[in-house]
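# Residue-level structural notes
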Amino acid sequence: LQLPFLVMPLYVDTAEIGVFAVAHKLINVITTVLLLLAAVFGPAFARSAAQGDQSALRGLLRRTQLISTLVFLPAALALLALADPIANLFGQDFGDLRLFLAILAAGHLVNAATGLSGVLLNMAGAPSRELSTLVIALVAAIAGSAWVGPDYGAAGLAAVFSGSIAVKNLTSYALATHLLKQTR
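Residues numbered from 1 in each chain as written. Predicted model: local features only at pLDDT ≥ 70, side-chain atom pairs only at ≥ 80, totals over all residues. Heavy atoms only, no water.

Here we take up the pattern of salt bridges. The tally for this structure, following the rule as stated, stands at two salt bridges. In this structure, Asp84 and Arg98 form a salt bridge, with 3.3 Å as the shortest nitrogen-oxygen distance. Linking Asp84 in helix α4 (residues 83-88) with Arg98 in helix α5 (residues 97-113), this pair joins segments that are 14 residues apart in sequence. (Salt bridge = Lys/Arg side-chain N within 4 Å of Asp/Glu carboxyl O. Helix = DSSP H or I, 4+ residues; strand = E, 2+ residues; numbered from the N terminus.)

Here's what the structure looks like:
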């Protein structure tokens, strides 16, 4: 989550980093609520996995997808609708907050729509698969930053980071659904 703040100073000025940081923190308020779901569903995933109940695991994953999307989507849309008044709190010259919110919301919408697939992998005995998704996303973000940063600045980097979140979550979801198809 802190990678953007390590990479952005190499390519963009502090004003753009500031606008990105506000958008990042606003979106993270919503995603923190989604992380709280792991406290509820993590033990349920572990219990169902220990019992070998693939059907229950599938149902739990679907429920986390539904709840996450229902929490994330309205909150993200509200932030997008309120982007200009929020930006005005920081002054007239405060960049295009809506652009950064929209870019980041896209990646996190994928995060919400895929539910807690990473938690499922960790709790169902496949943490190495989840670790592999994190490594893939990190490599994609670093490589994408070096490629996009010099030419596309803060908006391009935001797209890279948002894309890496989407790639991570889509990969976790694919691995979780593959795990659920395996018989024990």
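Text resumes after the structure shown.
What follows is about the packing of helix α2 (residues 14-50) against α5. Contact geometry for α2 and α5: axes closest at 9 Å, N-to-C directions at 30°. Looking at the two axes, α2 sits roughly parallel to α5. The handedness of the crossing between α2 and α5 is right-handed. Counting all contacts with α2, which are made through Val19, Phe20, Val22, Ala23, His24, Leu26, Ile27, Asn28, Thr31 and Leu34, the residues of α5 involved are Leu97, Phe100, Leu101, Leu104, Ala105, His108, Asn111 and Ala112. Residue composition of the contact of α2 with α5, grouped by class: 13 nonpolar, five polar and no charged. (Axes fitted to C-alpha atoms, helices over the stretch in contact; angles between N-to-C directions. Parallel < 35°, antiparallel > 145°, perpendicular 65-115°, else oblique. Left-handed = near helix turned anticlockwise from the far one by under 90°. Contact = heavy atoms within 4.5 Å. Nonpolar A, V, L, I, M, F, W, Y, C, P; charged D, E, K, R; others polar.)

What follows deals with the nonpolar core. With 47 residues, the main nonpolar core has Met8, Phe45, Phe72, Leu97 and Leu120 as its most contacted residues. For this core, the elements supplying multiple residues, two or more each, are α2, α3 (54-81), α4, α5, α6 (117-123) and α7 (127-181). A per-element tally of this core places α2 first, with 13 residues. (Core = buried A, V, L, I, M, F, W, Y, C linked by side-chain atoms within 4.5 Å. Buried < 20%, exposed > 50% of the residue type's maximum accessible area, 1.4 Å probe, protein only.)

Before going further, it helps to examine the packing of α3 against α7. Remark: α3 packs on α7, axes separated minimally by 10 Å, with the N-to-C direction vectors making an angle of 155°. By the angle between their axes, α3 is roughly antiparallel relative to α7. In the crossing of α3 with α7, the sense of the turn from one axis to the other is left-handed. For the pair formed by α3 and α7, the contact residues are Gln54, Leu57, Arg58, Leu61 and Gln65 on the first element and Tyr173, Ala176, Leu179 and Leu180 on the second.

Quick look at a nonpolar patch on the surface now. On the surface, Leu131, Leu134, Val135 and Val139 cluster together to form a nonpolar patch covering roughly 360 Å² of accessible area. By the secondary structure assignment, Val135 is in helix α7. For Val135, a relative accessible area of 44% translates into the label partly exposed. (Patch = residues over 30% accessible without salt bridge, like charges linked within 9 Å, V, L, I, M, F, W, Y side chains within 5 Å. Areas by Shrake-Rupley, 256 points an atom, 1.4 Å probe, with all protein chains shown as cover.)

Looking now at α3. Here α3 spans 40 Å end to end across 28 residues, near enough to the 40 Å set by a 1.5 Å rise per residue. Turning to α3, its buried residues are Gln54, Leu57, Leu60, Leu61, Thr64, Gln65, Ser68, Phe72, Ala76 and Leu79. (Expected span 1.5 Å × (residues − 1).)

Turning next to the environment of Ala137. Mapped onto the fold, Ala137 is located in helix α7. Using a relative accessible area of 9% as the deciding quantity, one classes Ala137 as buried. The spacing of Ala137 and Gly52 is 85 residues in sequence and 29 Å in space, taken between C-alpha atoms. Leave out the neighbours within four places in its chain, and Ala137 touches Ser164 and Lys168.

Here we take up the environment of Val110. Position of Val110 relative to the elements: it lies in helix α5. The class for Val110 is partly exposed, based on a relative accessible area of 22%. Between the C-alpha atom of Val110 and that of Met8, which follows or precedes it by 102 residues, the distance is 23 Å. Those residues in contact with Val110 that lie beyond four places of it in its chain are Ala166, Asn169 and Leu170.

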